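Here are the chains, one letter per residue:
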Amino acid sequence: MAEDQNFDVVIIGGGPGGYNAAVRAGQLGLKTAIVEMRGVLGGTCLNVGCMPSKALLHASELFEAASSEFASIGIEVPAPKLNLVQMMKAKQDSVTALTKGVEFLMKKNKVTYFVGRGTIAGQGRVTVTGNDGATQTLVTKNIVIATGSEPTPLPGVDVDQKQIVDSTGALSLPSVPKSLVVVGAGIIGLELGSVWRRLGAQVTVVEFLDRITPGMDTEVATAFQKALVKQGVSFKLGTKVTKAATGAKGVELTLEPAAGGAQEKVTADVVLVAIGRRPFTKGLGLETVGVTTDQRGFIPTNHFKTAAPGVWAIGDVITGPMLAHKAEEDAVACIELIAGKAGHVDYNLVPSVVYTFPEVAWVGQTEDQLKAAGVQYKAGKFPFTANSRAKINHETEGFVKFLADAKTDKVLGVHMMGPQVGEMVGEVCVLMAFGGASEDLARTCHPHPTRSEAVRQAAMGVEGWTMQA
Ligand SMILES: Cc1cc2nc3c(=O)[nH]c(=O)nc-3n(C[C@H](O)[C@H](O)[C@H](O)COP(=O)(O)OP(=O)(O)OC[C@H]3O[C@@H](n4cnc5c(N)ncnc54)[C@H](O)[C@@H]3O)c2cc1C
């Protein structure tokens, strides 16, 4: 065993929670170590999550545009041919460049990077077991757990990463399946389903609930489902998968109505199980400091403090939206608290984005939530059919919806479906972070012609003076 090393902070996990915590700790002059067992930094997000999925969404969107849209705007090219090997290589090259960038950030901020599994070995001690089995112990004033999450398994449907895959397998299929069944109509399933549909698969989404994308404003979710159906995705809602049998002819799935009833069989070349993610704490040694997880496996925290003194937790391993930018917010707030500053995260202002086409983005309360809470609100809505830039670009599907307090006009939530709305939700986050009113945005000059003018027009709609529709 190597000699003990002393730190102010040891972070276990090198994803967006862990690496951002490391950067901030380094900036604040804390002696910091990060422990990651994957062999590369970046966590789920960079390696098997946000970034590879966006690489494939981008590439497949261009592939589809070249197949079906180019001719209509006067660009005549032969029918595009898919080179999946090259598409996957381009994805991997981008991922590698990004993970190297994170490694550079560790050096820049004087963070010591240990490759291996980190195990808490009592208060203030973390044992690192390298891939070669060698161990060393780090002594530290603070431990930050940022061990993230893993795909939730579905009983009766065993992932083999060939015929039955999880999101990681779906990011690296060796060929385009003729048919793909996606189990789960959440963001990850719909994004990856979109990728493979654009590349030629017949995609069916099976969902237990009677709606897609729980958490999304119902009006938007309904419009979004319609858009996906128009693109050729089929949905079986209110349906559960009870069994999967793999064979030479593909996967035979047994389906049942969620409420019970007659069984139905469906076959597919590939099945993607995307029913959610669960916190990952395997082999972490939580018991050595008396920390227990809740029923769903999350580490309970109060302002990132666990039940054990000097042990903190952030990101997907604690409750809240399982998103990279939420993990990043947690990271900054947690480290600032460790450094004696005032760290704080407003979870109402964590935006969500679905990177399909059209995109869906939102922040704050949904109309369903406001109704359920009995909040009096006013709504302003603007369709992309009336936005000049969207019209010119033939991307008119969708709308922007503003929800503001009926008395004070304070913005409570904004919901958008349309082209690149993921890039546009940020301005609403800033508005809401300052407690802004819809009128603040409605009276702010926006550049013309941009899609962001739709956001302004929707804000104008709250007071009934939308000008362009
Ligand atoms: C397909 C897919 C697409 C996604 N797209 C988006 C998106 O577009 N936008 C978005 O915001 N979010 C997206 N997410 C979610 C996002 O990836 C996660 O919310 C984010 O990565 C969570 O960050 P984290 O740091 O908490 O955990 P993780 O990124 O999961 O990182 C945890 C790291 O800890 C390591 N680890 C675990 N235990 C130990 C241990 N004992 N010792 C050492 N290392 C350990 C793991 O190897 C891992 O690298 C996506 C996820 C998936 C699967």
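Higher on the page you've got the structure.
Remember, it's a predicted structure, so these values are computed and weren't measured experimentally.

Chemist: What is the right way to look at the overall build of the protein chain in this model?
Modeler: In terms of regular secondary structure, the protein chain is built from 13 helices and 22 strands. Here the protein chain has a C-alpha radius of gyration of 24 Å; the compact-globule value for 469 residues is 23 Å, and the two agree. By its C-alpha atoms, the protein chain is 70 × 60 × 50 Å across when sized along the principal axes. The long-range fraction of contacts in the protein chain, counting pairs at least 24 apart against all pairs at least 6 apart in sequence, stands at 62%. When the accessible surface of the protein chain is split by element, carbon and sulfur atoms take 54% of a total near 21300 Å². Taken as two groups, the 44 positive and 45 negative side-chain charges of the protein chain have centres that lie 2 Å from each other.

Chemist: Where do I start with the pattern of salt bridges in this structure?
Modeler: Oppositely charged side chains can form a pair if their charged atoms are brought close together. Summed over all chains, the structure comprises 16 salt bridges. The partner of Asp-8 in a salt bridge is Lys-141, and the shortest N-O contact between them spans 2.8 Å. In this pair, Asp-8 is assigned in strand β1 (residues 2-12) and Lys-141 in strand β6 (residues 135-145), connecting sequence segments 133 residues apart. With a shortest N-O distance of 2.6 Å, Arg-443 and Glu-439 are connected by a salt bridge. A relative accessible area of 56% means that Arg-443 is categorised as exposed. Residue classification places Glu-439 among the partly exposed positions, given a relative accessible area of 35%.

Chemist: Quick question: what am I supposed to make of the sheet that holds strand β10 (residues 202-206) here?
Modeler: Picture the strands of a sheet paired through backbone hydrogen bonds; they go either parallel or antiparallel. Ordered in space as β8-β15-β9-β10-β11, the 5 strands form an open sheet in which the pairing is parallel. What marks the edges here is a single partner per strand, and that holds for β8 (164-165) and β11 (234-236). Bridge count for strand β9 (residues 179-183) against strand β15 (residues 270-273) is 4 bridges, and the pairing is parallel. The residue of β15 that forms the bridge with Val-183 is Val-273. Its contacts with the sheet put helix α6 (residues 187-198) on β9, β10, β11 and β15, and the angle it makes with β9 is roughly 175 degrees.

Chemist: Is there a simple way to explain the pairing of strand β22 (residues 411-418) in this structure?
Modeler: Residues in a regular strand point their side chains to alternate faces of the sheet. The buried fraction of β22 amounts to 8 of the 8 residues, a majority that puts the element mostly inside the structure. Across 6 bridges, the pairing between strand β19 (residues 359-364) and β22 is antiparallel. Each residue of the ladder has a partner; that of Ala-361, found in β22, is Met-416. For strand β21 (residues 399-405) and β22, the ladder comprises 6 bridges, and the chain directions are antiparallel. Paired with Phe-402 across the two strands is Val-414, which belongs to β22.

Chemist: Can you walk me through a nonpolar patch on the surface in this structure?
Modeler: Taken together, the side chains of Ile-73, Ile-75 and Val-77 define a hydrophobic patch exposed on the protein surface, amounting to about 250 Å² of accessible area. Counting through the fold element by element, Ile-75 comes out in the loop between α3 (50-68) and α4 (84-108).

Chemist: Sorry, what's going on with the side chain of Thr-127 here?
Modeler: With respect to the secondary-structure elements, Thr-127 resides in strand β5 (residues 125-129). Excluding its chain neighbours within four sequence positions, the residues that come into contact with Thr-127 are Arg-117, Gly-118, Thr-119, Ala-121, Thr-135, Gln-136 and Thr-137.

Chemist: Is there a simple way to explain the sheet that holds strand β20 (residues 377-383) in this structure?
Modeler: Pairing within the open sheet is antiparallel, and its 5 strands lie in the order β18-β19-β22-β21-β20. Whereas interior strands pair on both sides, the edge strands pair on one side only; in this sheet they are β18 (352-354) and β20. Adjacent strand axes in the sheet meet at a mean angle of 10 degrees when their direction is disregarded. When β18 meets β19, the two strands line up antiparallel, connected through 3 bridges. Paired with Val-354 across the two strands is Val-360, which belongs to β19. Running over the sheet, helix α7 (residues 218-230) touches β18, β19, β20, β21 and β22 and is turned about 5 degrees from β22. With respect to the sheet, helix α13 (residues 453-462) is in contact with β20, β21 and β22, its orientation differing from that of β20 by roughly 145 degrees.

Chemist: Got a minute to help me understand the site of the ligand in this structure?
Modeler: Lining the immediate surroundings of the ligand are 39 residues, of which Gly-17, Glu-36, Thr-44, Lys-54 and Ala-324 lie closest. Within the side chain of Arg-38, one N or O atom sits 3.0 Å away from an oxygen atom of the ligand. A distance of 2.7 Å is found between an oxygen atom of the ligand and a side-chain nitrogen or oxygen belonging to Lys-54. If the ligand stood free it would expose 1000 Å²; the protein chains cover 95% of that surface. Those elements that provide at least two residues to the shell around the ligand are α1 (16-27), β2 (32-36), α2 (43-48), α3, β4 (117-120) and α8 (324-338). Counting residues per element, the shell around the ligand draws most heavily on α2, at 4 residues. A class-by-class count of the residues in the shell around the ligand yields 16 nonpolar, 17 polar and 6 charged.

Chemist: Looking at this structure, how should I read the side chain of Lys-91?
Modeler: Residue placement: Lys-91 occurs in helix α4. No salt bridge is formed by the buried Lys-91, whose closest oppositely charged neighbour, Asp-93, lies at an N-O distance of 10 Å. There is a polar contact of 3.4 Å between the side chain of Lys-91 and the side chain of Ser-172. Setting aside anything within four residues of it in sequence, one finds Lys-91 in contact with Pro-52, Ala-55, Leu-56, Leu-171 and Ser-172.

Chemist: Before we go on, may I ask you to explain the nonpolar core in this structure?
Modeler: Proteins that are soluble and globular tend to have nonpolar side chains buried together. Judged by nonpolar contacts, the single largest core of 48 residues is most densely connected at Met-106, Ile-120, Val-144 and Ile-145. Setting aside residues up to four positions removed in sequence, Met-106 forms contacts with Tyr-19, Ala-22, Val-23, Ile-34, Leu-41 and Val-111. Core analysis: the second largest hydrophobic core is formed by 39 residues, Ala-201, Val-203, Ala-223 and Ala-274 among them.

Rules and cut-offs
- Residues numbered from 1 in each chain as written.
- Predicted model: local features only at pLDDT ≥ 70, side-chain atom pairs only at ≥ 80, totals over all residues.
- Heavy atoms only, no water.
- Helix = DSSP H or I, 4+ residues; strand = E, 2+ residues; numbered from the N terminus.
- Rg over C-alpha atoms; globule rule 2.2 N^0.38 Å.
- Contact = heavy atoms within 4.5 Å.
- Areas by Shrake-Rupley, 256 points an atom, 1.4 Å probe, with all protein chains shown as cover.
- Lys, Arg positive; Asp, Glu negative; His and termini not counted.
- Charge placed at Lys NZ, Arg CZ, Asp CG, Glu CD.
- Salt bridge = Lys/Arg side-chain N within 4 Å of Asp/Glu carboxyl O.
- Buried < 20%, exposed > 50% of the residue type's maximum accessible area, 1.4 Å probe, protein only.
- Pairing = 2+ DSSP bridges.
- Axes fitted to C-alpha atoms, helices over the stretch in contact; angles between N-to-C directions.
- Patch = residues over 30% accessible without salt bridge, like charges linked within 9 Å, V, L, I, M, F, W, Y side chains within 5 Å.
- Near = heavy atom within 4 Å.
- Polar contact = N/O pair within 3.5 Å; in protein donor to acceptor, adjacent residues only side chain to side chain.
- Nonpolar A, V, L, I, M, F, W, Y, C, P; charged D, E, K, R; others polar.
- Core = buried A, V, L, I, M, F, W, Y, C linked by side-chain atoms within 4.5 Å.

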